[in-house]
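Listed below are the residues making up each chain.
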Amino acid sequence: AGSYIGKFLSVYLDDFGFEVIRSSTIDCDLLCEGALKNYFKKIPKKKHTIIFLSTVNQSDADSIKGFEKNVRILRNFVEEIDPGKVSSIIYFSTVKVYGDMPKLPISEITLTKQVDWYSLGKITCEWILTYSLGKKFPITILRIPGIFGKGDRERSIIGSFVENINLKGKVLVFGSGRTKRDYVYLPDLSKIVAQLVENYPNKSLGILNIASGNEYSIIELLEKIRNALGKKFTIEYSEDSKNNFDLIFDN
C-alpha cells in the first residue's frame, strides 16, 4: 500500500465497502526471508484476496540485480504464504512483457518477449506464481500499461508532461511523437480491481490486459493536455527514438 497505485487502490476499496488490510515494505519486506510468514501471523484468521503489487521499481529493476530482487520477492511469497488465510490472488504485472514491436493489436494470447531485465523479471514472476500456486488458489494476472491520475508526482508520462508545462512551459518528446499508447486512468483501474474482488472472489480469470481501447499518439495527448490546461507551451524533440513502436490493445 506504499506505492502510488497501492495507496489510491486501498482507499478506493475502503470506499467500495471492502475490509482492507494495508501493508508496505515497512510492515513486510518481501526481500527478507521469513518476513511474510511473520506478517501472516498478525492478520485475522479468515480468507483474504491478496492484491499483490510488490515489485522493484522499473528504473531499478532493469539490471541483473533488479531481476534477482523481483524473483526473490516472488520466491519468498510463494514459499511463505499461509494457505489458510488466502482465498485468491490478484497479481499486478506489466504490458512490457510483450516486448518491443509486438504484433498488433495485442491480446491476452499475444506471445511474450523479454527485451530487458525488467520484462524478463515480470515474465519469470508470472510463471513462478502460476506454476507454484495455480493449483492451490484462483490467480488473476493483470498486465498493466501506463497509469495516470491526480497526484502521481511525475510517475506517469502524462504527469511528467503536466509538471513540465506548469514549471518550464515546455516538454521533451522522443522521436516524432507519433507512436501510439493506451494509458489508463487510475480510478478506472481501481474500479476494475473492485469488480474482480466482488464478482470473482473464488475464480481464476487467468491473464487480463488492462486497457481503455483508446490509443493516442504523444502529439495527440499533448493537444488534449493543452486544451485541458488552457496553457501555451513549446514541444522540443529528441533524436533519441527509444520505445518507437505502438502499443494498441484488443480489449
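Residues numbered from 1 in each chain as written. Predicted model: local features only at pLDDT ≥ 70, side-chain atom pairs only at ≥ 80, totals over all residues. Heavy atoms only, no water.

*Asks:* Help me understand the environment of Ser-87, please; the structure alone is not making it clear to me.
*Replies:* Along the polypeptide, Ser-87 turns up in strand β2 (residues 86–94). Ignoring anything within four residues of it in the chain, the contact list for Ser-87 reads Lys-47, His-48, Thr-49, Phe-137, Pro-138, Pro-201 and Asn-202. (Helix = DSSP H or I, 4+ residues; strand = E, 2+ residues; numbered from the N terminus. Contact = heavy atoms within 4.5 Å.)

*Asks:* Would you mind showing me how to read the pattern of salt bridges here?
*Replies:* Close approach of charged atoms allows side chains with opposite charge to pair. One pass over the full model with this rule turns up six salt bridges. Here Glu-19 ties to Lys-46 by a salt bridge, and the two come within 2.9 Å at their closest N and O atoms. Remark: Lys-46 occurs in the loop between α2 (35–42) and β1 (48–52) and Glu-19 occurs in the loop between α1 (4–16) and α2; sequence separation between them is 27 residues. Owing to a relative accessible area of 59%, Glu-19 belongs among the exposed residues under this scheme. Judged by its relative accessible area of 39%, Lys-46 falls in the partly exposed class. (Salt bridge = Lys/Arg side-chain N within 4 Å of Asp/Glu carboxyl O. Buried < 20%, exposed > 50% of the residue type's maximum accessible area, 1.4 Å probe, protein only.)

*Asks:* Please explain helix α5 (residues 117–133) as it appears in this structure.
*Replies:* Residue pairs spaced three or four apart in an α-helix point in one direction, given the helix's 3.6 residues per turn. Taking 1.5 Å of rise per residue, the 17 residues of α5 would be expected to cover 24 Å, and the 24 Å separating its terminal C-alpha atoms lies within 8% of that figure. Of the residues making up α5, those classed as buried are Tyr-118, Ser-119, Gly-121, Lys-122, Ile-123, Cys-125, Glu-126, Ile-128, Leu-129 and Leu-133. Between the side-chain oxygen of the N-cap and the backbone nitrogen of Tyr-118 there are 3.3 Å, and the N-cap of α5 in question is Asp-116. (Expected span 1.5 Å × (residues − 1). Polar contact = N/O pair within 3.5 Å; in protein donor to acceptor, adjacent residues only side chain to side chain.)

*Asks:* Looking at this structure, I do not really get the sheet that holds β1. What am I missing?
*Replies:* One key point about sheets: their strands pair by backbone hydrogen bonds, in either a parallel or an antiparallel sense. Taken together, the four strands give an open sheet; going across it, the order is β1-β2-β3-β8, and neighbouring strands pair in parallel fashion. Since the sheet does not close on itself, it has two edges, and those belong to β1 and β8 (206–209), each with one partner. Ignoring which end each strand starts from, the neighbouring axes of this sheet average 20 degrees apart. By the bridge criterion, five bridges tie β1 to β2 in an arrangement that is parallel. Bridge pairing in β2 links Phe-52 to Tyr-91. Relative to the sheet, helix α4 (residues 64–80) contacts β1 and β2, its axis offset from that of β1 by approximately 170 degrees. (Pairing = 2+ DSSP bridges. Axes fitted to C-alpha atoms, helices over the stretch in contact; angles between N-to-C directions.)

*Asks:* Help me understand unusual backbone geometry in this model?
*Replies:* Negative phi is the rule for most residues except glycine; trans is the rule for most peptide bonds. That bond from Leu-104 to Pro-105 is cis: its omega, -5 degrees, falls within 30 degrees of zero. Secondary-structure assignment places Pro-105 in the loop between β2 and α5.

*Asks:* What am I meant to see in the packing of aromatic side chains here?
*Replies:* Aromatic rings in a pair are described by how distant their centres are and how their planes are angled relative to each other. Counted according to the given criterion, the structure contains seven aromatic pairs. Taking 5.4 Å as the distance between ring centres and 35 degrees as the angle between the ring planes, the aromatic pair formed by Phe-148 and Tyr-185 counts as tilted. Of this pair, Phe-148 sits in strand β4 (residues 147–148) while Tyr-185 sits in strand β7 (residues 184–185); the two residues are 37 residues apart in sequence, bridging distant segments of the chain. Here a set of aromatic residues connected by ring pairs shows up, and it is made of Tyr-12, Phe-16 and Phe-18. Directly above the aromatic system of Phe-245 lies the positively charged group of Arg-181, at a separation of 4.9 Å from the ring centroid. (Phe/Tyr/Trp six-rings, centres within 6.5 Å; stacked < 30°, edge-to-face > 60°. Lys NZ or Arg CZ within 6 Å of the ring centre and 35° of its normal.)

*Asks:* In this structure, what is going on with the packing of α4 against α5? I would like to understand it.
*Replies:* The packing of two helices is summarised by the inter-axis angle and the distance between the axes. Packing of α4 against α5 brings their axes to within 9 Å, and their N-to-C directions diverge by 15 degrees. For the element pair α4 / α5, the angle class is roughly parallel. Crossing of α4 over α5 shows right-handed handedness. Residue-level inspection shows Ile-64, Phe-67, Asn-70, Val-71, Leu-74, Phe-77 and Val-78 of α4 in contact with α5, the latter providing Trp-117, Tyr-118, Leu-120, Gly-121, Thr-124, Cys-125, Ile-128, Leu-129, Ser-132 and Leu-133. A per-class count over the contact of α4 with α5 returns 13 nonpolar, four polar and no charged. (Parallel < 35°, antiparallel > 145°, perpendicular 65-115°, else oblique. Left-handed = near helix turned anticlockwise from the far one by under 90°. Nonpolar A, V, L, I, M, F, W, Y, C, P; charged D, E, K, R; others polar.)

*Asks:* Hey, could you run me through the side chain of Ser-10 in this one?
*Replies:* Tracing the backbone shows Ser-10 in helix α1. For Ser-10, a relative accessible area of 7% translates into the label buried. A distance of 2.9 Å separates a polar side-chain atom of Ser-10 from the backbone oxygen of Lys-7. In this structure Ser-10 touches Val-20 and Arg-22, once residues within four positions along its chain are discounted.

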